[in-house]
Amino acid sequence: MNRFYRSMLFIPGNNPGMIQNASVFDADALIFDLEDAVSIDEKDAARVLVSMALETFDFKPSVCIVRVNPLDTVWGREDVLQIGKYHPDIILVPKADPEAIGTCHALLQDIEKENDFKPESIRIIALIESAYGVECATEIIKGSSRVDGILLGGEDFTADMQIRRTPEGRELFYARTRLATLCRAYGLQFIDTPYTDVNDLEGLTFDVREAVSLGATGKAAINPRQLEAIHRGFEPMESDVHWAAEVVATWQQAKEEGKGVFALHGKMVDAPVFARAEKILKQVEAVRGEELINHVE
Amino acid sequence: MIIQNPSCAGAMESNDILIMLHPSEDGVQIQLESKVKKQFGRRIESVIKTTLEQAGVTSTVVIARDKGALDYTIKARVITAVNRSLGGGSYE
C-alpha cells in the first residue's frame, strides 16, 4: 500500500470554481470526475479543463485522481490518453472489469514511455460497481500491477443488483466485506462508496462506522461537508494512539532485555498485540505524515 | 490556420468564460466583455492570443464573455473552442 487515504472527494470535472478551490478542503485525495458529473456534450471541455488544472495547480498534499469515462465508450480511451500526459497520481477506472483494467494499464504504459515518466508511476484504482465486478474482483486486482485499491460504487451496484439502496446499507454488506477482505489479502486499499444524502451527517457517521468495522481503509465523499465525519471515523482514537505508542516503546525495551512477552498495566503484550499497536501508529503516520514509531522513547 | 466553422466553449457562470470563435480572414481580433476588464483585460486577451497562437490559429474573431476565469480556464476554453471548430463546429 502506497499511502492511506481516509477520504476521496469527488470534484465535477467541468466546474472551474470547484477545481481551483479543491485543495482547501483537506481531502486526502481529490477525484476530478469526467464521468457522471459531466454531461455528454461537455465531455471534451471537461477533459481539457482538468488537463489544464493538472498542468497549473499543485494540489498537494491531496492526491490527484481522475475518474475517466468507461473504457468501452467513445470518451474513455481519449480521457486516459489526454489526461495521462499531465501525470495524475491515479486513474479511477469506472465499471471496472479485468478487460478495462488491462486496457488502462496498456494505455498508461505507452504514455509513460512517450513522456519519459517513471514506469508505473501512474496508478489505478478500480471502481467496482456491478455484480460481475464484485465477483471477478480478484482478476481485476491481478489485471494490473498498477492497481492500488478498489472503490465500491454503491449506487450502480445496487441498480445492477436490482435492489434498493437504503440509508442503513444492509444491501451492501456482502460487497463491502468481500472487497475489504480481498483488498486486505492483497495489501490494497478498500475505499467505501459515498454516502449520498449530504444533509444527513448522522447517517454518514453511522455509515462510516459501518465501513470501518468491515475493513474499509477510506471512504469517498460527494460534498466537502462530509469530510470531517469521514476523517474522524477513520482515525484511531487518541487513547488508542497513546496505548500503541506505549506498547511499541515497552516492546523495544523488552526486546533488549531478551523478553518475548511482557505485561503492560497488568495486560499481556505478545507479538500479535505488538503488531496491532504498530499498525495503529503506522496508520497515524500515514495520515499525519510524521514518523511516530522511530520517535517513541 | 483560419477558423472556418463557428464554435463556442465555456459558460456564463462565475469563474468561467464563454469563448466564441467566428470565421475571419483579418487576423485574430478579440472582443472581450468582463467586469474586471479594467484590471485584467490585457491579461485575459494575452492568454487568449497566446493559446490561439499555440494552436496554430492565425485568423478568427473571438468573442469572450468573462465571469472571473483564471488563466487555466481561459486556456482550456479556447483550446476546446478550437477543437470544436476543427471538428465541424458547434454554435449554440
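Keep in mind that this is a model prediction, so the values were computed, not measured.

(A) Spotlight on the sheet that holds strand β3 (residues 28-34) of chain B. Residues and elements named next belong to chain B. Pairing is mixed across the open sheet formed by 4 strands, whose spatial order is β1-β2-β4-β3. Every interior strand has two partners, whereas the edge strands, β1 (7-9) and β3, have only one. Each strand of the sheet is rotated relative to its neighbour by a mean of 15 degrees, with strand direction disregarded. Two elements, strand β2 (residues 17-22) and strand β4 (residues 60-66), share 6 bridges in a ladder whose sense is antiparallel. From the neighbouring strand, L18 faces β4, where its bridge partner is R65.

(B) Geometry of the packing of helix α2 (residues 43-56) of chain A against helix α3 (residues 76-84) of chain A. Residues and elements named next belong to chain A. In the contact formed by α2 and α3, the axes pass within 9 Å of each other and the chain directions differ by 20 degrees. Judged by the inter-axis angle, α2 sits roughly parallel to α3. In the crossing of α2 with α3, the sense of the turn from one axis to the other is right-handed. Here R47, V50, S51 and L54 of α2 lie close against α3, whose contacting residues are E78, D79, Q82 and I83.

(C) Layout of the interface of chain A and chain B. Facing the 16 residues of chain A at the interface are 12 residues of chain B. Summing both partners gives a buried area of about 1,200 Å² for chain A against chain B, and 55% of it is carried by carbon and sulfur. One can count 3 salt bridges joining chain A with chain B. Residue E42(A) pairs with R84(B) through a salt bridge whose shortest N-O separation is 3.5 Å. Summed over the shared surface of chain A and chain B, the result is 6 residue pairs in polar contact (both at pLDDT 80 or more). When residues of the side of chain A that touches chain B are traced back to their parent elements, those giving at least two are α1 (16-20) and α2 of chain A. When residues in the side of chain A that touches chain B are grouped by element, the largest group, 8 residues, is from α2(A).

(D) Looking closely at the layout of surface pockets. Residues and elements named next belong to chain A. Of the voids in this model, the largest pocket is the one considered here, and its volume is about 610 Å³. Taken together, 19 residues line the largest pocket, and the ones lying closest to its centre are R184, P236, K279, I280 and Q283. Contributions of two or more residues to the lining of the largest pocket are made by α10 (227-234) and α12 (271-288). Top contributing element to the lining of the largest pocket by residue count: α12, with 7 residues.

(E) Structural detail: the environment of S59(B). All names here are of chain B. With respect to the helices and strands, S59 occurs in the loop between α1 (37-54) and β4. For S59 and P23, which are 36 residues apart along the polypeptide, the C-alpha to C-alpha distance reads 7.5 Å. Once residues lying within four places of it in the same chain are set aside, the contact partners of S59 are M1, I2, I3, S24, E25, D26, G27 and V28. A distance of 2.8 Å separates the side chain of S59 from the backbone oxygen of S24, its partner in a polar contact.

(F) The arrangement of the pattern of salt bridges in detail. Within this structure, the stated rule accounts for 24 salt bridges over all chains. Note that R67(A) is salt-bridged to E35(A), the shortest N-O span being 3.1 Å. Within this pair, whereas R67(A) is found in strand β3 (residues 63-67), its partner E35(A) is found in the loop between β2 (29-33) and α2, the two being separated by 32 residues in sequence. On the basis of relative accessibility, which here comes to 7%, the residue R67(A) falls in the buried class. In this structure, R84(B) and D44(A) form a salt bridge, with 2.8 Å as the shortest nitrogen-oxygen distance. Placement of the pair is R84(B) in helix α2 (residues 71-86) and D44(A) in helix α2, with the two residues belonging to separate chains. We classify D44(A) as partly exposed; its relative accessible area is 26%. Residues joined in a network through salt bridges with shared partners are D33(A), E35(A), D36(A), R67(A), K95(A) and E129(A).

(G) Spatial organisation of the domain arrangement of chain A. Segmentation of chain A into domains returns domain 1 (7-234) and domain 2 (238-288). Here the C-alpha centre of domain 2 of chain A lies 34 Å away from the C-alpha centre of domain 1 of chain A.

(H) The environment of R123(A), seen in detail. Residues and elements named next belong to chain A. Structurally, R123 can be placed in strand β5 (residues 123-128). The spatial distance from the C-alpha of R123 to the C-alpha of G149 is 9.4 Å, given a sequence separation of 26 residues. A polar atom in the side chain of R123 sits 3.0 Å from the backbone oxygen of E120. Here the side chain of R123 touches S145 through a polar contact of 2.9 Å, landing on its backbone oxygen.

(I) Local environment of the side chain of R6(A). All names here are of chain A. Looking at the secondary structure, you find R6 in the segment before β1 (7-12). Overall, the relative accessible area of 7% leaves R6 in the buried class. A polar contact of 2.4 Å, which involves the side chain of R6, links it to the side chain of E235.

Parameters and conventions
- Residues numbered from 1 in each chain as written.
- Chains lettered and ligands numbered in written order.
- Predicted model: local features only at pLDDT ≥ 70, side-chain atom pairs only at ≥ 80, totals over all residues.
- Heavy atoms only, no water.
- Pairing = 2+ DSSP bridges.
- Helix = DSSP H or I, 4+ residues; strand = E, 2+ residues; numbered from the N terminus.
- Axes fitted to C-alpha atoms, helices over the stretch in contact; angles between N-to-C directions.
- Parallel < 35°, antiparallel > 145°, perpendicular 65-115°, else oblique.
- Left-handed = near helix turned anticlockwise from the far one by under 90°.
- Contact = heavy atoms within 4.5 Å.
- Buried area = accessible area lost by both parts, 1.4 Å probe.
- Salt bridge = Lys/Arg side-chain N within 4 Å of Asp/Glu carboxyl O.
- Polar contact = N/O pair within 3.5 Å; in protein donor to acceptor, adjacent residues only side chain to side chain.
- 1 Å grid on protein atoms, 1.4 Å probe; cavity = no way out; pocket = protein on both sides within 12 Å on 5 of 7 lines; lining within 4 Å.
- Points joined across faces, edges and corners; volume = space filled by probe spheres on them.
- Buried < 20%, exposed > 50% of the residue type's maximum accessible area, 1.4 Å probe, protein only.
- Domains from an automatic or database assignment.

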